[in-house]
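Observations on the model geometry
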Amino acid sequence: MLVAAHSLTLHIPGHEAHVAGRHTVTGDGRVRVDLPAECRLAQRLAHQRETVAMIEVTDLAPTPVRNRVRGRGTLTGWLAPTAGDTPGYDSSDDDLVAVLDLATAEVTTAEGTASIDPAAFALAQPDPLAAAEADLLCHLDHHHPHTVERLCRLIPAHQLRGVRQVRPLRLDRHGVVLRLELHTGDRDIRLSFRSTLRHPDQLGDQIDALLTESRSCRARRARG
């Protein structure tokens, strides 16, 4: 979620900042945020040196579906500037570079809310498709509607009754999620890959395997 998100909201006591395109996750599991030196939050942090902080990030579907929020993440901990010649500042671009030492983390999705241990967060690896997911889903939605239609053959017929529209909602190492839009609400269906992806280059073969399976489903339905 953090890798894919373009922006996040950073809270410290008395201040809130919407930060776009300025965060990364370090190898040791800390969240790095580059703040413009002239902003009030950066100036306060440079003098205070450390403060409690909360980061909020929202996972939005890149495709035009109803209710685009797929999940939310909340991280709390201690935010401090990194050491440097001028404390907390990157002399090359005058940004204040701060890192969040994680204390708690929660992720909320349609399945519920889960707490994540800081040690587990530090060891976690981003999904191999996270950085490219938005482009891949939009390409599938805009340019390959027949592929989406063929993938729908893998969904039991009774779950397709009353469906007005189907759009790709999520793509990750485990499979593709389709959003079924009905008059009365939405239904999300996951189509799992045969094996977990370890590299984006494996995606094409996994999609092809699903499409091959969909042809078999169509043939069985025709015989039935």
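Residues numbered from 1 in each chain as written. Predicted model: local features only at pLDDT ≥ 70, side-chain atom pairs only at ≥ 80, totals over all residues. Heavy atoms only, no water.

**Focus on the pattern of salt bridges**
In the structure shown here, the tally under the stated rule is 13 salt bridges. Taking the shortest distance from any N to any O, the salt bridge between Arg 170 and Asp 59 comes out at 3.4 Å. Of this pair, Arg 170 sits in strand 10 (residues 163-172) while Asp 59 sits in strand 5 (residues 51-60); the two residues are 111 residues apart in sequence, bridging distant segments of the chain. Here Asp 172 and Arg 190 are joined by a salt bridge, their closest N and O atoms 2.9 Å apart. Residue Asp 172 is found in strand 10, and its partner Arg 190 is found in strand 12 (residues 185-192); the two are separated by 18 residues along the sequence. Take Asp 172: its relative accessible area is 12%, and that puts it in the buried class. Residues participating in the shared-partner salt-bridge network are Asp 59, Arg 70, Glu 133 and Arg 170. (Salt bridge = Lys/Arg side-chain N within 4 Å of Asp/Glu carboxyl O. Helix = DSSP H or I, 4+ residues; strand = E, 2+ residues; numbered from the N terminus. Buried < 20%, exposed > 50% of the residue type's maximum accessible area, 1.4 Å probe, protein only.)

**As for the sheet that holds strand 11 (residues 175-182)**
With antiparallel pairing, three strands are arranged side by side in an open sheet as 10-11-12. Here the strands that pair on one side only, and so sit at the sheet edges, are strand 10 and strand 12. On average, each strand axis in the sheet is inclined to that of its neighbour by 25°, with strand direction left out of account. As judged from the eight bridges shared by strand 10 and strand 11, these two strands associate in the antiparallel manner. Note on strand 11: the bridge partner recorded for Gln 165 is Glu 181. (Pairing = 2+ DSSP bridges. Axes fitted to C-alpha atoms, helices over the stretch in contact; angles between N-to-C directions.)

**Description of helix 1 (residues 40-48)**
Those residues of helix 1 not exposed but buried are Leu 41, Ala 42, Leu 45 and Ala 46. All buried residues of helix 1 lie within an arc of 130° about the axis, which places them on one face of the element. Facing away from the buried side of helix 1 by over 90 degrees, the exposed positions are Arg 40 and His 47. Positive phi shows up at Arg 49, right after helix 1, with a value of about 75°. (Arc of directions from axis to C-beta.)

**A short note on the pairing of strand 5**
Residue alternation in strand 5 divides its side chains into a buried set, Thr 51, Ala 53, Ile 55, Val 57 and Asp 59, and an unburied set, Val 52, Met 54, Glu 56, Thr 58 and Leu 60. Pairing of strand 1 (residues 7-12) with strand 5 involves three bridges; the strand directions are antiparallel. Note that in strand 5 the partner of Leu 10 across the bridge is Ile 55. Taken together, the 10 bridges between strand 5 and strand 6 (residues 69-81) define a ladder with antiparallel strand orientation. For Ile 55, the partnering residue across the bridge sits in strand 6 and is Leu 75.

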